[in-house]
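# Coordinate inspection notes
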Amino acid sequence: MSNKMWGGRFTSGPGAIMEEINASIDLDRHLYRQDIAASKAHADMLAKQGIITADDAKKIAHGLDTILSEIEAGKFTFKRALEDIHMNVEGRLSELIGEAAGRLHTARSRNDQVATDFRLWMRDAIDGLDAELAGFQRALAEKALAHAGTVMPGLTHLQTAQPVTFGHHLLAYVEMAGRDRGRFSGARKRLNESPLGAAALAGTSFALDRDMTAKALGFDRPAANSLDAVSDRDFVMEVLAASAITSVHLSRLAEEIIIWTSPLTGLVKLSDKFTTGSSIMPQKRNPDAAELVRAKTGRVIGALNALLIVMKGLPLAYAKDMQEDKQGTMDALASLSLSIAAMAGMIADLEPDASRMKKAAGEGYATATDLADWLVRTLKIPFRAAHHTTGRIVAKAAEAGVALHRLPLSAMREIEPKITDDVFTVLSVDRSVKSRTSFGGTAPKNVRLQAKKWLRKLEKEKS
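Quick look at the structure, then. (Residues numbered from 1 in each chain as written. Predicted model: local features only at pLDDT ≥ 70, side-chain atom pairs only at ≥ 80, totals over all residues. Heavy atoms only, no water.)

## Concerning the overall build of the protein chain
Short version of the rule: Secondary structure elements are defined from DSSP: runs of H or I of at least 4 residues count as helices, runs of E of at least 2 residues count as strands, and each element is numbered from the N terminus. As defined in this context, the radius of gyration uses C-alpha atoms, and a globule is described by 2.2 Å times the residue total to the power 0.38. Accessible area is worked out with a 1.4 Å probe on protein chains only. A residue is then buried under 20% of its type maximum, exposed over 50%, and partly exposed in between. Working rule for contacts: check all heavy atoms of both residues, and any pair within 4.5 Å makes them a contact. Note that accessible areas follow from Shrake-Rupley with a 1.4 Å probe, and for residues the cover is restricted to the protein chains shown. Charge counting follows a simple rule: Lys and Arg are positive, Asp and Glu are negative, and His as well as the terminal groups are ignored. Here the site of a charge means atom NZ of a Lys, CZ of an Arg, CG of an Asp or CD of a Glu.
Across its full length, the protein chain carries 18 helices and six strands. In terms of overall size, the protein chain is more extended than a compact globule, its C-alpha atoms giving a radius of gyration of 31 Å where 463 residues would be expected to give roughly 23 Å. Along the first, second and third principal axes, the C-alpha set of the protein chain runs to 100 × 55 × 45 Å. A total of 463 residues make up the protein chain; the buried ones form 48% of that total. Across the protein chain, the fraction of contacts at a sequence separation of at least 24, relative to all contacts at a separation of at least 6, is 75%. Here the protein chain displays about 22600 Å² of accessible surface, and carbon together with sulfur accounts for 54% of that area. Put simply, the protein chain has 62 plus and 56 minus side-chain charges, and the middle of one group is 6 Å from the middle of the other.

Here is the structure:
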């Protein structure tokens with residue numbers, strides 16, 4: 001038999017393969033709250049405009065509330081033959097209230113319905129991710145404050161560069177997460193327009209009050225162009241782009257945790273809560289949580305790529321291709337949410353080995369730049385000349401097999417006779433980090449100020 005929702009154009013139902021490829025209920029059933037909320041707002045507006053009667057609107061609202069209760073109680077039967085959440089809700093509504101249910105779809109289409117529902121769902125998802133990212137920032141800032149003076153090696157090219165503090169390193173990720181939250185916030189602002197009332201693509205001849213439904217659903221305004229309203233998936237791509245960047249940030253930190261926890265470096269320890277063992281090697285403690293965060297980044301980036309490819313060749317307005325926007329997106333945002341939670345947990349859990357970090361920070365002649373700066377500041381040597389002189393002194397220390405601060409003054413004077421024993425005040429890693437007092441620098445007092453500033457900001461957001 002034909003699908004009753006399609007009307008009289010069809011005389012028979014779809015084939016089994018068509019039904020399988022066409023149905024989206026397995027995914028868009030997750031939009032049930034949003035779909036019911038949008039339907040209630042639409043019915044209220046239709047009644048206010050005199051398009052349906054107040055009595056029908058009341059019946060519709062009561063029926064929708066019943067359906068919501070049934071779904072949340074697990075008593076609702078989703079039917080693949082009805083394809084999607086919209087038809088499943090409308091079909092059950094018809095069983096509950098009869099003819100009045102058929103008036104709900106006046107002046108709307110599944111095209112503007114799904115666009116509205118998915119915007120509402122994405123808005124809720126963004127709010128959830130923002131709260132989770134704030135928790136991640138809080139974990140980072142608290143750990144940074146606790147380790148504002150813990151010295152560690154700062155690397156470039158994965159080679160020893162200059163000493164920094166562990167707190168300073170963690171605050172770099174607080175800044176990244178702040179930008180991530182900003183991207184989600186911007187995406188949320190741009191998506192907060194209501195497609196409802198755009199109907200299939202051209203609007204409708206009914207005298208709708210689209211401002212009313214937009215306001216009822218918490219949108220800033222109705223979408224201004226009906227074609228764009230039903231065919232736009234920028235809001236999904238933008239959120240996925242923000243998610244991909246966030247995932248990359250998490251993956252970078254995950255990679256560092258994997259390196260830090262390796263016995264080859266031994267800079268950080270994770271507890272049993274975030275590590276696993278081996279089925280054959282009893283000594284193993286694997287940082288699997290970090291590895292899985294790193295791996296899930298591929299799923300998020302893949303979802304963005306997939307949707308970009310789906311959308312790239314679609315003419316206006318709606319096409320069924322857009323049904324593919326949900327599976328990857330829902331999986332990606334769930335993966336991101338789990339990754340944020342795992343990473344926040346690992347940050348709270350991990351403990352640095354301060355003595356090993358400090359020792360590593362002094363290896364590789366990490367205070368060479370401090371020596372060059374001393375030559376510039378004290379002896380007034382141009383930096384390029386100081387750089388060359390320092391390189392020669394480092395080479396001499398390497399030849400002697402000693403650390404820079406262990407090289408005798410006499411050996412330094414063979415290269416630059418004006419050097420005094422005051423130079424040793426800048427060659428330790430502790431003095432090096434304490435000297436980096438410029439705004440944004442690694443000096444412990446800077447780190448404490450920045451960590452406290454972030455914690456105050458995050459606490460203020462909660463209130």
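## What about the nonpolar core?
Taken as a class, soluble globular proteins show a tendency for nonpolar side chains to be buried jointly. Let me state the cut-off plainly: Take the buried Ala, Val, Leu, Ile, Met, Phe, Trp, Tyr and Cys residues and link them wherever side-chain atoms come within 4.5 Å; each set so joined is a nonpolar core.
M122, F136, I257, M343, M346 and I347 are the most contacted members of the largest nonpolar core, which has 68 residues in total. Residue assignment for this core shows that the elements contributing at least two residues are α6 (110–146), α7 (166–191), α10 (234–261), α11 (288–311), α12 (325–349), α13 (354–362) and α18 (444–462). With 13 residues, the single largest contributor to this core is α10. Leave out the neighbours within four places in its chain, and M343 touches F136, L250, L253, A254, I257 and V293. Counting 22 residues, the second largest nonpolar core, distinct from the first, contains I52, I60, L64 and I97.

## Details of a nonpolar patch on the surface
Let me state the cut-off plainly: The residues that make up patches have over 30% relative accessible area and no salt bridge, and they are joined within 9 Å when like-charged or within 5 Å when they are Val, Leu, Ile, Met, Phe, Trp or Tyr. Definition used for salt bridges: Asp or Glu carboxyl oxygen within 4 Å of a side-chain nitrogen of Lys or Arg.
Taken together, the side chains of L201, L227 and L316 define a hydrophobic patch exposed on the protein surface, amounting to about 260 Å² of accessible area. In this structure, L316 sits in the loop between α11 and α12.

## Comments concerning a positive patch on the surface
Together, R431, K434, R448, K452, K453 and R456 make up a region of like positive charge exposed at the surface. Those elements that place two or more of their residues in the positive patch are α17 (429–435) and α18. The dominant element in the positive patch, judged by the number of residues it contributes, is α18, at four residues. Along the chain, R448 falls in helix α18. The exposure class assigned to R448 is partly exposed, which follows from its relative accessible area of 38%.

## What to know about the packing of aromatic side chains
Rule in force here: Stacked, tilted and edge-to-face are the three classes applied to pairs of Phe, Tyr and Trp rings, where Trp contributes its six-membered ring and a pair requires centres within 6.5 Å; stacked means planes under 30 degrees apart, edge-to-face means over 60, and tilted covers the rest. Whether a charge lies above a ring is judged from NZ of Lys or CZ of Arg, which has to be within 6 Å of the ring centre and within 35 degrees of the ring normal.
Under the counting rule described, the total for this entry stands at four aromatic pairs. A centroid spacing of 6.1 Å and a plane angle of 70° characterise the contact between F118 and F235, whose relative ring orientation is edge-to-face. Separated by 117 residues along the polypeptide, F118 in helix α6 and F235 in helix α10 bring together distant segments of the chain. Residue classification places F118 among the buried residues on the basis of a relative accessible area of 1%. In textbook terms, an aromatic cluster arises when at least three aromatic residues are bridged by ring pairs, as seen for F118, W121 and F235. When the ring centre of F219 is taken as reference, the NZ or CZ atom of R123 above it lies at 5.1 Å. Over the ring of F118 we find K326; its NZ or CZ atom is 5.4 Å from the centre of that ring.

## Some thoughts on the pattern of salt bridges
Where charged atoms of side chains with opposite charge meet at close range, the side chains can pair. Considering all chains together, one arrives at 33 salt bridges under this definition. When the shortest N-O distance is used, the salt bridge between D55 and K59 registers 3.5 Å. Taken as a pair, D55 and K59 lie in helix α4 (residues 54–72) at a separation of four residues, close to a single helical turn. A network of salt bridges, in which partner residues are shared, links E70, K79, R92 and E95.

## Re unusual backbone geometry
Look at the link from L316 to A317: it is a cis peptide, with omega at 10°. Here A317 lies in the loop between α11 and α12. Its identity as a non-glycine residue notwithstanding, A199 has a phi of 60°, on the positive side. Despite not being glycine, Y365 shows a phi value in the positive range, around 55°. Residue position: Y365 is located in the loop between α13 and α14 (368–379). Take Y365: its relative accessible area is 22%, and that puts it in the partly exposed class.

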